[in-house]
Amino acid sequence: MKLKNYINGKLMEPSSQRYFDNFQPSTGKVYSQIPDSDEADVDLAYQAAKNAFKSWSILPKELRSNYLLKIAHLIESKLDQLAMAESIDNGKPLKLAKTVDIPRAAANFHFYATGILHYASHAHSMEDTAINYTLRQPVGVAGCISPWNLPLYLFSWKIAPALAAGCTVVAKPSEITPMTAYLLSEICIEAGLPDGVLNIVNGYGSKVGNAIVSHPDIPLISFTGGTVTGKHIASVAAPMFKKLSLELGGKNPNLIFADCDYDKMLHTTMLSSFANQGQICLCGSRIFVERKLYERFKNDFVEKTKALLVGDPLDDKTKVGAIVSKQHQEKIMSYIELAKQEGGKILCGGNVLKLVGNLSEGYYIEPTVIEGLPHNCRTNQEEIFGPVVTITPFDSEAEALSMANSTIYGLASIVWTENLTRAHRLANQLHAGIVWVNCWLLRDLRTPFGGVKASGVGREGGFEALDFFTEPKNVCIKLT
Ligand code: NDP
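As the structure is a prediction and not an experimental result, all values here were calculated from the model.

What counts, and at which threshold
- Residues numbered from 1 in each chain as written.
- Predicted model: local features only at pLDDT ≥ 70, side-chain atom pairs only at ≥ 80, totals over all residues.
- Heavy atoms only, no water.
- 1 Å grid on protein atoms, 1.4 Å probe; cavity = no way out; pocket = protein on both sides within 12 Å on 5 of 7 lines; lining within 4 Å.
- Points joined across faces, edges and corners; volume = space filled by probe spheres on them.
- Helix = DSSP H or I, 4+ residues; strand = E, 2+ residues; numbered from the N terminus.
- Nonpolar A, V, L, I, M, F, W, Y, C, P; charged D, E, K, R; others polar.
- Pairing = 2+ DSSP bridges.
- Axes fitted to C-alpha atoms, helices over the stretch in contact; angles between N-to-C directions.
- Disulfide = S-S within 2.5 Å.
- Buried < 20%, exposed > 50% of the residue type's maximum accessible area, 1.4 Å probe, protein only.

Visitor: I'd like a description of the layout of surface pockets, backed by residues and values.
Guide: Put simply, the largest pocket is a space of about 1300 Å³. As for the largest pocket, its lining consists of 48 residues, and the residues nearest its centre are W148, S174, I176, G226 and T229. Secondary-structure elements contributing two or more residues to the lining of the largest pocket are β3 (19-24), α7 (205-213), β10 (220-224), α8 (227-237) and α11 (326-341). Among the elements that take part in the lining of the largest pocket, α8 stands out by supplying 6 residues, more than any other. Tallied by class, residues from the lining of the largest pocket come to 21 nonpolar, 18 polar and 9 charged. The space that makes up the second largest pocket amounts to roughly 840 Å³. Considering the residues around the second largest pocket, the lining is formed by 31 residues, among which L96, V100, L271, A275 and W440 are closest to the centre. Mapped by element, the contributors of at least two residues to the lining of the second largest pocket are α4 (94-115) and α9 (262-274).

Visitor: For the pairing of β3, give the residues involved together with the corresponding values.
Guide: Taken together, the 6 bridges between β3 and strand β4 (residues 29-35) define a ladder with antiparallel strand orientation. Across the sheet, residue F23 finds its bridge partner in β4, namely V30. Counted along the chain from β3 to the antiparallel partner β4, the turn is 4 residues long, and its residue G28 has a positive phi close to 75 degrees.

Visitor: Describe the sheet that holds strand β5 (residues 123-126), listing the residues and the values that go with them.
Guide: Taken in spatial order, the 3 strands line up as β5-β6-β22 in an open sheet, and their pairing is antiparallel. Strands with a single pairing partner mark the edges of an open sheet, and in this sheet they are β5 and β22 (470-478). Averaged over all neighbouring strand pairs, the angle between strand axes comes to 20 degrees, with direction disregarded.

Visitor: So what about the state of the cysteines? Which residues, and what values?
Guide: As enumerated under the stated definition, the model contains 0 disulfides in all. Not engaged in a disulfide, the cysteine C188 finds its nearest cysteine sulfur in C144; these two sulfurs lie 13 Å apart. Overall, C188 belongs to the buried group, its relative accessible area being 0%.

No statement about biological role is implied by the geometric values presented.
Okay, here's the thing in structure tokens:
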């Protein structure tokens, strides 16, 4: 199967006519071909988006909203097809795609289709002298670039607010997981989205991504991905004075106090450690446990981890699917080797897992728990982004906080305690854009989403995203 770009309302071949292979992580086999697009395709997409902006940006918001609602409904009606595509393309359990990824993609469109109807701007009265009011105008053609871990979920998290705000879009999904973005283009055609409003260009980050970021007439970039890529993008976009939203990597701490609700904590910590093979930017990969609970936690957690069924993503019983690519599997394994060199003790896992039959060439790793590492070693400081966690005891809240805050990252933190005062205190002091207390991945789409330090710049979610995709303009009217 050959995927196509979606430009000016049509499915198109890349101008180079070249394609590259798309691998199915669970089998390691090639199952489709991805357009190897380049600058010429991005420019075509830009021209289409620029033309479409003239009418889309002034379309009454109720009509823009209707298009987004149609897309949301189509995503819901194709849940099974989209979930299957996501699972095959990414290696994630089908059940996860069905219950989290695809419903959330539909929710993103729903949320911004209705959110835009409630979006208001400010007025500042100077009593009898003047009145100021703020217009919020769509910025223009938005560049949206997303990663492979939650493909349609994160792609739509950018596209929906951009379109709702009146921007038109040139978007690039990760080259590793382009399938549901391709299916989204078919959905947009079915929904009758006007030509050029959304354009999806497939291909490598270094070509297509770079062409979007460096395009002189694309004034804003919304990017989710790794910190190193984000740094590069900022270095290209900032001197061009582009508006930038960067959602980057994380190395999130999970702080477990002895007074927590133990069973709830254990259940959720399994998810925050290994859901999506640990490939969620919000996973809690550094687990800090109060010393008096440490041995009990360690024994239960390791036992539960050993019992996790790693296997065929399409099997409903599977808890942990395939790693997204061979290259990423190798990266994760290199970190497990590093952990050993740094003196870490592998309590369970630590190996590549060879499955049988059709899955024998797939990319699997045993869920891995490591102890005995100092909090400041590389394993505990660098993002691994796989089914690998470290566990570390602590004696005091101050020590836990200091270890939690010791990385360059600051995306999410998790705190388990029944002590409300402590929960508030830590929520205040943790370096993170999100603090979950006694829960994980509980999301209200109205809340600001993003990180501090090397985890990013800016916020997505709620009206913050609509603020990003619009430019405020103050109008001052003298009254006398
Ligand atoms: P990458 O940074 O490698 O890639 C992200 C996207 O950027 C891909 O579409 C990629 O294309 C593209 N890209 C690569 N190079 C360039 C370039 N020079 N210019 C423009 N675009 C480029 O991240 P991954 O896909 O590996 O995703 C994993 C990372 O994403 C992790 O670090 C994770 O923490 C982070 N992440 C952050 C989230 C957050 O909300 N903060 C949420 C989810 C993930 P291609 O794939 O074709 O190379």
